[in-house]
Amino acid sequence: MTADMLSHDLSLLTPELMLAGGAMALLMLGVFLKGAGTPRLVHLLTIGLLVAAGFAALFLTGDDGQAFGGAFVLDALAKYSKVAITLAAAVALLLALPYLESEKLSKIEFPVLVALAVTGMVMMVSANDLISMYMAVELQSLALYVLAAFNRDSLRASEAGLKYFVLGALSSGLLLYGASLVYGFSGSTGFNEIAIAVAGEPSIGLIFGLVFVICGLAFKVSAAPFHMWTPDVYEGAPTPVTALFASAPKMAAIVLLARVLLEPFGGMIDQWRDVIWIIAVLSMGVGAFGALTQQNFKRLMAYSSIGNIGYALVAIAAASQTGIWALLVFMSLYMISVVGTFGAMLSMRTREGMVEQISDLAGLAQTNPGLGWSLTALMFSIGGLPFFVGFFGKFFVVFSAVQSDLLILAVLAVLFSVVSAAYYLRIIKVMWFDAPEVNFVQPAMSIYWVTRVAGWSTLLLLPALGWMVYRAFSVGLDVL
């Protein structure tokens, strides 16, 4: 490899290099600085690092292309996903700071682990080889296992971390076994070469390998029936960690799944579409009906996450340019809403601890109208009620399914969305019509204002999204 080629390859991976090098530098900074304010300094610097990495992904990576013999690819999909992932992680890290300080959990390791996890995420969306894909997934997963159990004094957090690790190891085994089968029957690990191998009549071994790869990645996005870890980990992990789990890793894994299915296995759509179809319906069903009986807010959001991943899989099943565009719009709007929702949770605290039960929200609209309105807007948005931002995401997903003649899947998506609206409306009913039962401690002003901005932004973005609807139809949804 010549110096020019190496320079070109490294320029395409600018965000990854910034995050990996920055995480190591911040770790060393935290080790050598012994002051009481060191964890806060490292935390704030990590937020800046994430924002800078997103800026680099957008402006400093140069033209699209492939790096390191095709192992990594940089295209419009990767650029957009990297910006969305880094910004979502930065907001989640910003929301985490007051919580960590109030719970005496502020340590330099927390932001460094987040930076390393995000490094794996941005590598995932650029993976163009089975080996680079697996390395990226494991880099993300290993950091997230530790974050889930970061509160070592909490039995729930330790249990969540252990469950996540054990089931994550199982999913990694499925993914690796599937990748080995694909390599064995295609003769290559590169996505470009695999696409050539499946262009004709795919072998039974390739189909089996693809099924195992789908199962491994389905665990990472918490799609049913590989969702069993999600409610327990969401409930047991510290709330800021749950906010991170519900946003950036989901975006990275779903984009990776879309890339794997549509690029190397694009010639096997008839073989994998039915599998994705079934997983999407199961996810929407489990999410819709599983959340109806939940009393813990974090467990409810876990089932909501499972259901929303089902809608994202509907867009992938469409297997079209419109479907990929709908996937990006849906996941972006979902991340905005879910991070704002967990921000609202973090701003509510009683003398006994953080608010987690839905019954604790009783009378919130009377005791804290600003927070009540914000959380109401966020619930409407995640539920996909017209005409909040989440509605547009689901609308585009259903539209992409109809355009690809997946009419039954589109109808089921609408029906499950109606069912899921019930538990979002139940939360709103508790906030507005039930008598207050708990007194909240005044939150820190920083988290309070971040939460209010996140909540009201769901309303302020409506004019821009209205223009997006008009523009999308006027140009035929040709955006990528």
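Above: the structure in question.
Residues numbered from 1 in each chain as written. Predicted model: local features only at pLDDT ≥ 70, side-chain atom pairs only at ≥ 80, totals over all residues. Heavy atoms only, no water.

Q: For this particular structure, what's the right way to read the overall build of the chain?
A: In terms of regular secondary structure, the chain is built from 21 helices and 4 strands. Long-range pairs, those at least 24 residues apart, make up 81% of the contacts in the chain between residues at least 6 apart in sequence. For the chain, the computed accessible surface area is about 18,300 Å², with 69% contributed by carbon and sulfur atoms. (Helix = DSSP H or I, 4+ residues; strand = E, 2+ residues; numbered from the N terminus. Contact = heavy atoms within 4.5 Å. Areas by Shrake-Rupley, 256 points an atom, 1.4 Å probe, with all protein chains shown as cover.)

Q: So what exactly am I meant to see when it comes to the packing of helix α14 (residues 297–318) against helix α18 (residues 389–403) here?
A: Between two packed helices, what matters for the description is the angle formed by their axes and the separation of those axes. Across the interface, α14 lies against α18 with an axial gap of 8 Å and an inter-helix angle of 35°. As for the relative orientation of α14 and α18, their crossing is left-handed in sense. Judged by residue contacts, N308, Y311, V314, A315 and A318 of α14 engage K394, V397, S400 and A401 from α18. Residues of the contact of α14 with α18, tallied by class, amount to 6 nonpolar, 2 polar and 1 charged. (Axes fitted to C-alpha atoms, helices over the stretch in contact; angles between N-to-C directions. Left-handed = near helix turned anticlockwise from the far one by under 90°. Nonpolar A, V, L, I, M, F, W, Y, C, P; charged D, E, K, R; others polar.)

Q: Sorry if this is basic, but what is going on with the environment of I382 here?
A: Among the secondary structure elements, I382 is positioned in helix α17 (residues 369–383). Sequence spacing of I382 and G393 is 11 residues, and the spatial spacing of their C-alpha atoms is 9.5 Å. Contacts of I382, omitting those with residues within four sequence positions, involve M301, S304, N308, Y334, S337, V338, T341, K394 and Y424.

Q: Even after reading the chapter, I still don't get the packing of α14 against helix α19 (residues 407–433), so can you show me in this structure?
A: Axis separation between α14 and α19 bottoms out at 11 Å; the angle between their running directions is 160°. Compared by their axis directions, α14 and α19 come out roughly antiparallel. For the element pair α14 and α19, the recorded crossing hand is left-handed. Taking contact as the criterion, the partners of F297, L300, S304, N308, Y311, V314 and A317 in α14 are, on α19, L409, A413, F416, S417, S420, Y423, Y424, R426 and I427. (Parallel < 35°, antiparallel > 145°, perpendicular 65-115°, else oblique.)

Q: Please clarify how the pattern of salt bridges should be interpreted in this entry.
A: Oppositely charged side chains can pair when the atoms bearing their charge come close. Inspection of the entire model under this criterion finds 9 salt bridges. A salt bridge links E159 to K163; its shortest N-O distance comes to 3.0 Å. Placement of the pair is E159 and K163 together in helix α7 (residues 155–186), with a separation of 4 residues, close to one helical turn. D232 is the salt-bridge partner of R299, the closest N and O atoms lying 2.9 Å from each other. Here R299, found in helix α14, pairs with D232, found in helix α10 (residues 230–236); they are 67 residues apart in sequence, far enough to count as distant. Take D232: its relative accessible area is 27%, and that puts it in the partly exposed class. (Salt bridge = Lys/Arg side-chain N within 4 Å of Asp/Glu carboxyl O. Buried < 20%, exposed > 50% of the residue type's maximum accessible area, 1.4 Å probe, protein only.)

Q: Got a minute to help me understand α7 in this structure?
A: For α7, built from 32 residues, the straight-helix expectation of 46 Å at 1.5 Å per residue is met to within 8% by its first-to-last C-alpha distance of 46 Å. Two or three places before R156, at the start of α7, stands the capping residue S154, its side-chain oxygen 3.4 Å from that residue's backbone nitrogen. Once α7 finishes, G187 follows within two positions and takes phi at roughly 85°, a positive value. (Expected span 1.5 Å × (residues − 1). Polar contact = N/O pair within 3.5 Å; in protein donor to acceptor, adjacent residues only side chain to side chain.)

Q: Mind showing me how you'd approach the nonpolar core here?
A: Generally speaking, nonpolar side chains in soluble globular proteins are found buried as a group. I254, F265, W272, L313 and L361 are the most contacted members of the largest nonpolar core, which totals 160 residues. The biggest single contributor to this core is helix α15 (residues 321–346), with 17 residues. Once you skip the residues sitting within four places of it in the chain, L361 turns out to touch F297, M348, V355, L375, I427, V430 and M431. (Core = buried A, V, L, I, M, F, W, Y, C linked by side-chain atoms within 4.5 Å.)

Q: I would appreciate a short explanation of a nonpolar patch on the surface in the present structure.
A: The grouping of L6, L10, L17 and F68 at the surface amounts to a nonpolar patch, some 310 Å² of accessible area in total. Positionally, F68 belongs in the loop between β1 (65–67) and β2 (72–74). (Patch = residues over 30% accessible without salt bridge, like charges linked within 9 Å, V, L, I, M, F, W, Y side chains within 5 Å.)

Q: How should I be thinking about unusual backbone geometry in this particular structure?
A: Negative phi characterises most residues that are not glycine, and trans characterises most peptide bonds. Residue P225 is bonded to the preceding A224 through a cis peptide linkage, with omega at 5°. The phi angle at F68 is positive, at roughly 55°, despite the residue not being glycine. For K104, which is not a glycine, the phi torsion comes out positive at approximately 60°. Counting through the fold element by element, K104 comes out in the loop between α4 (76–102) and α5 (109–124). Since its relative accessible area comes to 67%, K104 is described here as exposed.

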